Amino acid sequence: MMRPFDVENLINKYGDVVSSFFQYMPDMVFLMSVEEGTRFRYVLMNPSAMQASGLTEAAYGKLIEEVNLPEKAENLNSMYRKAIKEGKPCYHTNYGEVIGESLLTPIYNSEGVCTHVLTVARDITERKLLEDKLEYLAYHDVLTGLPNRRLLQDRMKQAMSQARRTGSLAAVLYLDCDYFKDINDTWGHEVGDEFLRSLAKRLSSCVRDNDTVARLGGDEFVLLLTALESPEEASKVAKRVLATLQKPWEIGQHHFSLTMSIGIALYPKDGADSASLLRNADAALYQSKKSGRNQYRFYSPTE
């Protein structure tokens, strides 16, 4: 329980100070009086609170339900009742068009009765959007929007766990463009970047919704296929990718064709963890390029 505090005496004694503090505080401040621990009346609001809530001084002395729509009133009453029940400051986050974060502090008199609840709230929409953006960038490739290596590894762990539970297979297809460097050298990196974005879309069209297309960097991509019944299903996807990429490319004013080489590793046969699967798929990719490019090869420890 919070230390006893005489709010009414504070306001009477330091009214000018309190008023000045509330007037210029950027956070929204609501002071509510408590009736029988379940009903709450507006005592004081600062300008920020009035602007955000749409209320005016005409709300002073009125119950929450007298000045708010029923649904909002019920939500507010629930918040205040929870604060009193917990008997200590508690946080509440409201998600909507505007994301708000509130600290509700119950205030008790010398007899241990909660007489008021002080709420300090702020709009954290911009902060939350920035946090979401930073989290997205931590797991996605900036250029294509595809999952990056970090997110791919997380999904590989999930795919392997699913395969162990169900007795199915998972496949890692390691893809690398044949002669991609020629595009950058001939027409510049802007054309190369646009090609990679278009390539990401074509690759995504070749897999199911529960599969993953990831970009590791440069022109290296990985397809993670889950819940496969046989290696032939991985072969079908590899053939689909090769056929899709053989269609002509048109980037700006430039027209060209391009192929890919693919290496395939299967779980659990070709690796017990994500690192070994990627390493062996990369080894199979090397054999694919060594054998003439524009093809796919399954990993073989003897090669």
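Residues numbered from 1 in each chain as written. Predicted model: local features only at pLDDT ≥ 70, side-chain atom pairs only at ≥ 80, totals over all residues. Heavy atoms only, no water.

Okay, the overall build of the protein chain next. For the protein chain, the helix and strand inventory stands at 11 helices and 12 strands. The C-alpha radius of gyration of the protein chain comes to 31 Å, more than 25% above the 19 Å expected for a compact globule of 303 residues. Taken over the C-alpha atoms alone, the protein chain extends approximately 90 × 50 × 30 Å along its principal axes. Looking at the protein chain as a whole, 44% of its 303 residues are labelled buried. Split by element, the accessible area of the protein chain, about 17,000 Å² in all, is 51% carbon and sulfur. Side-chain charges of the protein chain comprise 36 positive and 41 negative groups, with the mean position of each set lying 6 Å from the other. (Helix = DSSP H or I, 4+ residues; strand = E, 2+ residues; numbered from the N terminus. Rg over C-alpha atoms; globule rule 2.2 N^0.38 Å. Buried < 20%, exposed > 50% of the residue type's maximum accessible area, 1.4 Å probe, protein only. Areas by Shrake-Rupley, 256 points an atom, 1.4 Å probe, with all protein chains shown as cover. Lys, Arg positive; Asp, Glu negative; His and termini not counted. Charge placed at Lys NZ, Arg CZ, Asp CG, Glu CD.)

Right, let's talk about the packing of helix α8 (residues 180-187) against helix α9 (residues 189-204) for a bit. The relative placement of two packed helices is expressed as an angle between their axes plus a distance between the axes. Orientation of α8 relative to α9, taken along the N-to-C sense of each, is 140°, at an axis distance of 7 Å. Put simply, α8 runs oblique to α9. Contact residues: α8 offers Phe180, Ile183, Asn184 and Trp187, while α9 offers His189, Val191, Gly192, Phe195 and Leu196. A class-by-class count of the residues in the contact of α8 with α9 yields 6 nonpolar, 3 polar and no charged. (Axes fitted to C-alpha atoms, helices over the stretch in contact; angles between N-to-C directions. Parallel < 35°, antiparallel > 145°, perpendicular 65-115°, else oblique. Contact = heavy atoms within 4.5 Å. Nonpolar A, V, L, I, M, F, W, Y, C, P; charged D, E, K, R; others polar.)

Let us look at unusual backbone geometry. The omega torsion across tyrosine 267 and proline 268 is 15°, close enough to zero to call that bond cis. Position of proline 268 among the secondary structure elements: in the loop between β11 (260-267) and α11 (274-290). In this model, arginine 293 sits at a positive phi of 70°, which is unusual for a non-glycine residue. Positionally, arginine 293 belongs in the loop between α11 and β12 (296-298). In this structure arginine 293 comes out as partly exposed when scored by relative accessible area, which is 28%. A positive phi angle, close to 55°, is found at asparagine 294, a residue other than glycine. The residue asparagine 294 is located in the loop between α11 and β12 in this model. Of the residues examined, asparagine 294 reaches a relative accessible area of 29% and is grouped as partly exposed.

One pass over the structure, following the stated rule, counts 6 aromatic pairs. Within the aromatic cluster, the residues linked to one another by ring pairs are Phe180, Trp187, Phe195, Trp249 and Phe256. Above the face of the tyrosine 139 ring, arginine 150 is positioned so that its terminal group lies 4.5 Å from the ring centre. A cation sits over an aromatic face here: arginine 293 above tyrosine 179, 4.6 Å from the ring centre. (Phe/Tyr/Trp six-rings, centres within 6.5 Å; stacked < 30°, edge-to-face > 60°. Lys NZ or Arg CZ within 6 Å of the ring centre and 35° of its normal.)

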